Amino acid sequence: MAAEREPPPLGDGKQADFEELEDGEDLFTSTVSTLESSPSSPEPASLPAEDLSTNSNGPKPAEIILDDDREDLFAEATEEVSLDSPEREPILSPEPSPAITPITPTTLMAPRIESKSMSAPVIFDRSRDEIEEEANGDVFDIEIGVSDPEKVGDGMNAYMAYRVTTKTSLSMFNKNEFSVKRRFSDFLGLHSKLATKYLHVGYIVPPAPEKSIVGMTKVKVGKEDSSSTEFVEKRRAALERYLQRTVKHPTLLQDPDLRQFLESSELPRAVNTQALSGAGILRMVNKAADAVNKMTIKMNESDAWFEEKQQQFENLDQQLRKLHASVEALVCHRKELSANTAAFAKSAAMLGNSEDHTALSRALSQLAEVEEKIDQLHQEQAFADFYVFSELLSDYIRLIAAVKGVFDHRMKCWQKWDDAQITLQKKREAEAKMMLANKPDKIQQAKNEIREWEAKVQQGERDFEQISKTIRKEVGRFEKERVKDFKTVIIKYLESLVQTQQQLIKYWEAFLPEAKAIA
Amino acid sequence: MEENPDPGEERQPCSVSMDLQGDGALQVEISDAVSERDKVKFTVHTKSCLPHFSQTEFSVVRQHEEFIWLHDAYTDNEDYAGIIIPPAPPKPDFEASREKLQRLGEGDSSVTREEFAKMKQELEGEYLAIFKKTVAMHEVFLQRLAAHPTLRRDHNLYVFLEYGQDLSVRGKNKKELFGGFIRNIVKSADEALITGVSGLKEVDEFFEHERTFLLEYHTRIRDACLRVDRVMRSHKCLAEDYIPVSAALSSLGTQEVHQLKTSFLKLAELFERLRKLEGRVASDEDLKLSDMLHYYMRDAQAAKDLLYRRLRALADYENANKALDKARMRNREVRSAETHQQLCCRRFEHLSDSARQELTDFKARRGSAFRKNLIELAELELKHAKASTLLLRNTLTALKGEP
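Residues numbered from 1 in each chain as written. Chains lettered and ligands numbered in written order. Predicted model: local features only at pLDDT ≥ 70, side-chain atom pairs only at ≥ 80, totals over all residues. Heavy atoms only, no water.

### Details of the overall build of chain A
Of the regular secondary structure elements, chain A holds 12 helices and 3 strands. Sorting the 519 residues of chain A into buried and exposed places 52% on the buried side. Restricting the contact set of chain A to residue pairs at least 6 apart, pairs at least 24 apart contribute 76%. Accessible area for chain A stands at about 24,000 Å²; split by element, carbon and sulfur atoms hold 54% of it. (Helix = DSSP H or I, 4+ residues; strand = E, 2+ residues; numbered from the N terminus. Buried < 20%, exposed > 50% of the residue type's maximum accessible area, 1.4 Å probe, protein only. Contact = heavy atoms within 4.5 Å. Areas by Shrake-Rupley, 256 points an atom, 1.4 Å probe, with all protein chains shown as cover.)

### Some remarks on the UniProt feature "coiled-coil region" (unreviewed entry) in chain A
Annotation from UniProt places "coiled-coil region" (unreviewed entry) at residues 436-470 of chain A. What you have in residues 436-470 of chain A is 94% helix and 0% strand, and the ends, taken at the C-alpha atoms, are 45 Å apart. (UniProt positions renumbered as here; feature names shortened; annotations may be inferred.)

### Considering the interface of chain A and chain B
With 57 residues of chain A at the interface, the matching set in chain B holds 64 residues. Together, the buried faces of chain A and chain B total about 5,700 Å²; carbon and sulfur atoms form 71% of this surface. Between the two partners, chain A and chain B, sit 5 salt bridges. Where A:Glu355 meets B:Arg366, a salt bridge forms, and the shortest distance between an N and an O atom there is 2.6 Å. Along the contact surface separating chain A from chain B lie 15 residue pairs in polar contact (both at pLDDT 80 or more). Residues belonging to the side of chain A that touches chain B are distributed by class as follows: 31 nonpolar, 12 polar and 14 charged. (Buried area = accessible area lost by both parts, 1.4 Å probe. Salt bridge = Lys/Arg side-chain N within 4 Å of Asp/Glu carboxyl O. Polar contact = N/O pair within 3.5 Å; in protein donor to acceptor, adjacent residues only side chain to side chain. Nonpolar A, V, L, I, M, F, W, Y, C, P; charged D, E, K, R; others polar.)

### Structural notes on the packing of helix α6 (residues 205-255) of chain B against helix α7 (residues 258-330) of chain B
Residues and elements named next belong to chain B. Packing of α6 against α7 brings their axes to within 7 Å, and their N-to-C directions diverge by 165°. On the basis of the axis angle, α6 is roughly antiparallel to α7. The handedness of the crossing between α6 and α7 is left-handed. Tallied by class, residues from the contact of α6 with α7 come to 33 nonpolar, 11 polar and 13 charged. (Axes fitted to C-alpha atoms, helices over the stretch in contact; angles between N-to-C directions. Parallel < 35°, antiparallel > 145°, perpendicular 65-115°, else oblique. Left-handed = near helix turned anticlockwise from the far one by under 90°.)

### Details of the packing of aromatic side chains
Aromatic ring pairs are reported here in terms of the distance separating the ring centres and the angle at which the planes meet. Enumeration according to the criterion identifies 31 aromatic pairs over all chains in this entry. Centroid distance A:Phe306 to A:Phe407: 6.1 Å. Interplanar angle 80°. Geometry classified as edge-to-face. Here A:Phe407 lies in helix α11 (residues 358-437) and A:Phe306 lies in helix α10 (residues 304-354), a separation of 101 residues in the sequence. On the numbers, 5.5 Å between centres and 70° between planes, the contact of B:Phe42 with B:Phe67 is edge-to-face. Of this pair, B:Phe42 sits in strand β2 (residues 39-48) while B:Phe67 is found in helix α1 (residues 64-75), placing the two residues 25 residues apart along the sequence. No difference in accessibility class separates B:Phe42 from B:Phe67, as the two residues are buried. Directly above the aromatic system of B:Tyr217 lies the positively charged group of B:Arg366, at a separation of 4.9 Å from the ring centroid. (Phe/Tyr/Trp six-rings, centres within 6.5 Å; stacked < 30°, edge-to-face > 60°. Lys NZ or Arg CZ within 6 Å of the ring centre and 35° of its normal.)

What follows is the structure, encoded as structure tokens:
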């Protein structure tokens, strides 16, 4: 998984890539056609070319409009290409709000044009290049490293602190290179904030690494064995990948909480992330409730794209799980092989020592050395199996869960809209009844209520269309990332296998003359 | 039994793999083998110009128990006390393999048809490999006997090779097994007594050295056998693990989006090929390393047995000396005591000379067998590693070339 900054893999070819995708690609055709064929898409302020592919370089047409009625609190990176209004409305992180409620003004939205009057202060000021780069989505100059795990404190209150280092040339950050110390719950806190803000409006927020009570307890208790070192390393690598994925997301990168996480030396403790806290339990209850709700929502899917995608992701999920399980078995057995080879190496050395035949004795000692080196090799390969291949798969299994979540939010959004329509209908009927019964004061109230609910219906419809649009874009981006990720990992993994074989060749070539030397 | 001195006969260096060319006098091989239910029937084919046999070329069918009978006939024979008796071949054991095949047959619904077919193929390969090994073990046993200048002249060997009927040597019944067990205990107790307490002085440095060496060597090589077996098993497990990985990659590939499809499918194919290569590595290591170590463990045991017999003979000689002294003192039955003492002395010396030769040969044999097998092992490992590298490189090139 590459958070390393890579130049666009095929220089100009990148363009070609996009075109290719546009033409033949499942993922994009429907998106493109929908957007292009319906310029009068639900939102009056929609952006003509919202998919990434056409957005490469060059300024967008001037009618870029910034909506502030959209649920995502930051304008999209793609839309920001209109550079006359580099100012953005930064929105400070709200209190953790319940997942479902969008944060919108309930008044009707009017299309706004370009530099609207924003009252909030500008936090950053971005250059044209940076924005273009981010619009590209591929080249964005930020590198994150998580390193130096350090145990802080003692006993059950102890925790691991990790150094988070950022290297960037983006001007939204105060410095080019900086690092902070963070603990695991800080990461969870960050994720929680991002999820609260962005998930329910359709953004695929990368999930944070999982908690592990057992693993952490061992570390706290101070067990200095290899399993707790492995656990810490596994976690460190997972945290790094998590951050790298998060900053790759153009929208999330803008988020002030993320910036605060990366930059500020002190961070308020995120207590609500503890598994057994009140908030934790509330989360679990909510999750269960959501699961039940999901089963009962019957949505009229007007857009086959969503159904298709959901099915695709469902299949992908199953396949990845199967692959992951089989790779885990591979890792396990390779580790066993390494251990057994080490044991054999020792007994071969002992055999060599006791061997009477001098030349044979030497050869056996050499054999023991070779086997010892090979055991190291197996161990390294097992690490590669795990950290390169297996962890990627488990990351994507959890990412797909996030994707599924986003689809679910869309369903809930639809339901809200539908409910509003039903309520509106009821209100209308009530009004009609009042009309008949001729109760003037009640009629007025009914009319008010109707107006209220008409607005809600419109809002619901807009929300629904917005989330649908966002999801399409997000899925497109996600799939692109996924393809890149997988390809990179596959190549990296194969290279590790090649490396192992080459080492084997070296070792056995060195041994062969020793065997031949037995007189 | 005719005297058939072959003074200039060179014994070929023995190794586990069949390097034994008998000379024209006696050539033995196992030309065929059939596995039935729980027994294996070996067809032993002999070519000989020795006048003792009624034909120059003939075959018989033998089962494992008959090989054991032959081996015991040699070890029980006083005349061969000074010779390292080639270790008996281990009993054919298809148990583990059979169990695995059965478990596979019982079925696991999560396994696809292709996976099942591959696993079955693996297991059948394993079964075949075990079969080939047991044939090789039995053959080597006979060939070593046929190559040894003294052992090849044994009457029981001729019977074994030629007698058309079943030798009616059913598996050792309980009494015999028990007897064998007791014999072993007595033997080790004897050895301990003889060497430890009774002050039996080993005057010969050569044998003292050999004893120390063999005791330690046998322990170490047995340990190495156990550990190398575990390595084999892990390696096999690893090769088998590639099957579900390949299957999962394949089904992913067929369902994936266009850009990843080829990557996954190529990867699936790669893993399938890697599995075969890993399997071959595992089985080559098995043959060249594991089998060799096991064989020389058994051979070392046979050498230890020889040393024990010699020690017993030494003890007898010592006792005879003591008896002679006593007889002389009492001046009674001196003559018989003298004869007995001379007999013991001759026997001991003859045994010692023979043992010295045998142990020297053992060392040489060991050296050349290990040499051959280690060279072959290294060469095979290199071959497989190079093949793997090529395979991986080709796949990498193909994948990198993808848009």
